[in-house]
Amino acid sequence: MSLPWWQTGVVYQIYPRSFQDSNGDGVGDLDGITARLDYLADLGIDAVWISPFYPSPMADFGYDVADFCDVDPLFGDLAAFDRLAAAAHARGLKLLLDWVPNHSSDRHPWFQESRASRDSTRRDWYVWRDPAPGTGPGTGQPPRPPNNWLSAFGGPAWTWDKSTKQFYLHSFLKEQPDLNWRHPPLRAAMLDTLRFWMARGADGFRIDVAHFILKDPELRDNPPNSAPSGGHKPTAAYDTLLHVHDKGHPDVHEAFAEVRAVVDGYDERERVTLGEIHEYDLERWATYYGRPDADGRPQGLHMPINFGLLQTPWTAEGVRAHVDAVERLVPEGAWPNYVLGNHDERRLATRLGPAEARLGAVLLLTLRGTPTLYYGDELGIPDVDVPMEKRRDPAGITSGVPALGRDSGRTPMAWDASPSAGFSAAAPGNLWLPLHPDHAVLNVATEGEDPASMLTLYRRLLHLRRTTPVLQQAGAYRPLDGTPSSVFAYTRGEGDVLVALNFSPGEVPFSPPGGDAWSPLLSTHGPVSKNNLRAWEGVVLGRRDG
Ligand code: NOJ
């Protein structure tokens, strides 16, 4: 049985400010992406996910959307989007948009209308509440928020509106008021934005903080967190609460069933929803695939993004435990997915280390499921220590916790060894964020010539995946027992392909079961040696008669 493209394919995430600048203003744009599609097609990926490019005051660099159905002039216009969609499709590439349903910008006309008066027809498109009892107008006490919810970016999740004398909810910045998914007209309007982009050629959507859209209808206080875990990079204050009421309400599943019905039912094309779900309890994460229909097919998100590998200790045991759990918990009829980097994280090559990141590439591209790659990770771009005065990300500025800033992993793509790395005609000092310091070496042109580069490894892996049906299709995953403790090994298909990964800085003995039955397909280290794995080496072997 052949699988739909979103199961066999590899997704590549582009942060549009940083991929390619076509007009010399130091910021990437849509025409820039169009100009680089040949690179992506040649690399061997199948779908491009572009972080938001909608009109935005850029308080959160596009995740504060002022119009869900247009393009910010910084990135181009709708005609530029149409050119991009046509050019991507002409190359067989799919195009995924970043849909931001939890909040809009406070400059969105919907919010402007909503805040204009308590009687506005759009009042309930956002979440408004009176102050806590005994506080606010007429009580002699300053208004206090209606509950203890906190913003993920620091401070309370409520901002007081002086003119209408109520608080509005914002799970992120105060410039990102939360939309009210319990209000049918808002829901209908948001579903229409999906139709708008599907009509223009979108092949699917990455859904921003999908688990946030439905909260406790009674807005109950979150309970204290007695064992702060560090969770998903929260501020210390955010981590003092258990976020049980401000997101992930069970009603979210019915909302995503509706989203899926709109996406699946739009026309005969196969489209995908990839939901951003920061839920580290894998059983709860798996519920976002949704409940099964009469034929047993889950009806929620096609794929809740699985961030597990970003949290898992980088050891054979830790990674295997994670993969085994995913394999066990992904419901019948649903499809796994994995990711090692994105625009909210530190860069892969720095987080793990360059050799470890090569091992990660082999893992990501040989597991059963859809991998998502983050632009520049295929070059091994490191995290950039952006000087304080050049930092842009509000998560690191308004939270008062500079370490939460995400600029270091969002720096421009490097295409060649020229001063601005082929990213822009602007001078290096005029780029929106600085280039990584190794851009004269870690760039597409230089690495393309080097058989030992990260880019060459990614190209070979992507090619191998495309030409090896058990890797790309539904070939079973079976972990191998009895390997040395630093080795995680598994077969795909009916033992057709064997992957062995050495999670240690030392050489370890390793002979695949059946010895001579295997021939080498690929190694992170060049030629495969017979009876051992070198430091952080990953090998892929094919069964001779396979
Ligand atoms: C998750 C996005 O990935 C992140 O970049 C953004 O700041 C928040 N959602 C708020 O939209």
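**Here we look at the overall build of the chain**
In terms of regular secondary structure, the chain is built from 16 helices and 18 strands. Taking the principal axes of the C-alpha coordinates as reference, the chain spans close to 85 × 50 × 45 Å. With 546 residues in all, the chain has 60% of them scored as buried. Taking all contacts inside the chain whose residues are at least 6 apart in sequence as the whole, residues at least 24 apart take part in 68%. Accessible surface, the chain: about 20,500 Å² in total, of which carbon and sulfur atoms supply 54%.

**Here's the deal with the packing of helix H12 (residues 354-366) against helix H15 (residues 454-467)**
One can describe the packing of H12 onto H15 by two numbers: an axis separation of 10 Å at closest approach and a directional angle of 15°. One finds that H12 runs roughly parallel with respect to H15. Here the hand of the crossing between H12 and H15 comes out right-handed. For the pair H12 and H15, contact is made by Ala357, Arg358, Ala361, Val362 and Leu365 and by Met454, Leu457, Tyr458, Leu461, Leu462 and Arg465, respectively. Among the residues forming the contact of H12 with H15, the class breakdown is 9 nonpolar, no polar and 2 charged.

**Here we look at the site of the ligand**
Near the ligand there are 14 residues, and of these Asp60, His103, Asp208, His343 and Asp344 occur at the shortest range. Between the ligand and His103 there is a distance of 2.9 Å, counted from an oxygen atom to a side-chain nitrogen or oxygen. Between the ligand and the protein, one listed contact pairs an oxygen atom with a side-chain N or O atom of Asp208 at 2.7 Å. Here the ligand, which alone exposes 290 Å², has 97% of that area covered by the protein. Its residues assigned to classes, the shell around the ligand comprises 4 nonpolar, 3 polar and 7 charged.

**Points about the pattern of salt bridges**
This structure, assessed with the given rule, holds 38 salt bridges. Across the salt bridge formed by Arg118 and Asp130, the nearest N and O atoms sit 3.7 Å from each other. A residue pair is termed long-range when its members are at least 10 positions apart, and Arg118 in the loop between helix H5 (109-116) and strand S4 (128-129) and Asp130 in the loop between S4 and strand S5 (158-161) qualify at 12 residues. Looking at Asp130, the relative accessible area reads 41%, which means it is partly exposed. The residue Arg534 makes a salt bridge to Glu537 at a minimum N-O spacing of 2.9 Å. Within this structure, Asp60, Asp344, Asp393, Arg406 and Arg410 form a network of salt bridges that share partners.

**Regarding the sheet that holds strand S11 (residues 370-374)**
The 8 strands are arranged S9-S8-S7-S3-S2-S1-S11-S10 in an open sheet whose pairing can be described as parallel. Whereas interior strands pair on both sides, the edge strands pair on one side only; in this sheet they are strand S9 (303-304) and strand S10 (337-339). Sheet analysis places strand S2 (residues 47-50) next to strand S3 (residues 94-99), joined by 4 bridges and oriented parallel. In the sheet register, Trp49 faces S3, and the bridge partner there is Leu96.

**Section: the confidence of the model for the chain**
Detailed reading of the predicted coordinates is not advisable wherever pLDDT is low. Across the chain, the average pLDDT comes to 96, with 99% of residues at 70 or higher. For the chain, the element scoring lowest by mean pLDDT is helix H13 (residues 394-397), at 83; helix H2 (residues 30-35) scores highest, at 99.

**With respect to the sheet that holds strand S14 (residues 497-502)**
Whenever strands of a sheet pair, they do so through backbone hydrogen bonds, lying parallel or antiparallel. If you trace the 5 strands from one edge of the open sheet to the other, you get S12-S13-S14-S18-S16, paired in antiparallel fashion. Of all the strands in the sheet, just strand S12 (477-479) and strand S16 (518-523) have a single pairing partner and so form its edges. Adjacent strand axes in the sheet meet at a mean angle of 25° when their direction is disregarded. Here strand S13 (residues 487-492) pairs with S14 via 6 bridges, running antiparallel. Bridge assignment links Arg492 to a residue of S14, and that residue is Val497. This element, helix H10 (residues 316-329), spans S12 and S13 of the sheet and lies at about 140° to S12. Seen against the sheet, H12 touches S13, S14, S16 and strand S18 (538-543) and runs at an angle of roughly 150° to S14.

Cut-offs applied
- Residues numbered from 1 in each chain as written.
- Predicted model: local features only at pLDDT ≥ 70, side-chain atom pairs only at ≥ 80, totals over all residues.
- Heavy atoms only, no water.
- Helix = DSSP H or I, 4+ residues; strand = E, 2+ residues; numbered from the N terminus.
- Buried < 20%, exposed > 50% of the residue type's maximum accessible area, 1.4 Å probe, protein only.
- Contact = heavy atoms within 4.5 Å.
- Areas by Shrake-Rupley, 256 points an atom, 1.4 Å probe, with all protein chains shown as cover.
- Axes fitted to C-alpha atoms, helices over the stretch in contact; angles between N-to-C directions.
- Parallel < 35°, antiparallel > 145°, perpendicular 65-115°, else oblique.
- Left-handed = near helix turned anticlockwise from the far one by under 90°.
- Nonpolar A, V, L, I, M, F, W, Y, C, P; charged D, E, K, R; others polar.
- Near = heavy atom within 4 Å.
- Polar contact = N/O pair within 3.5 Å; in protein donor to acceptor, adjacent residues only side chain to side chain.
- Salt bridge = Lys/Arg side-chain N within 4 Å of Asp/Glu carboxyl O.
- Pairing = 2+ DSSP bridges.
- pLDDT = per-residue confidence, 0-100.

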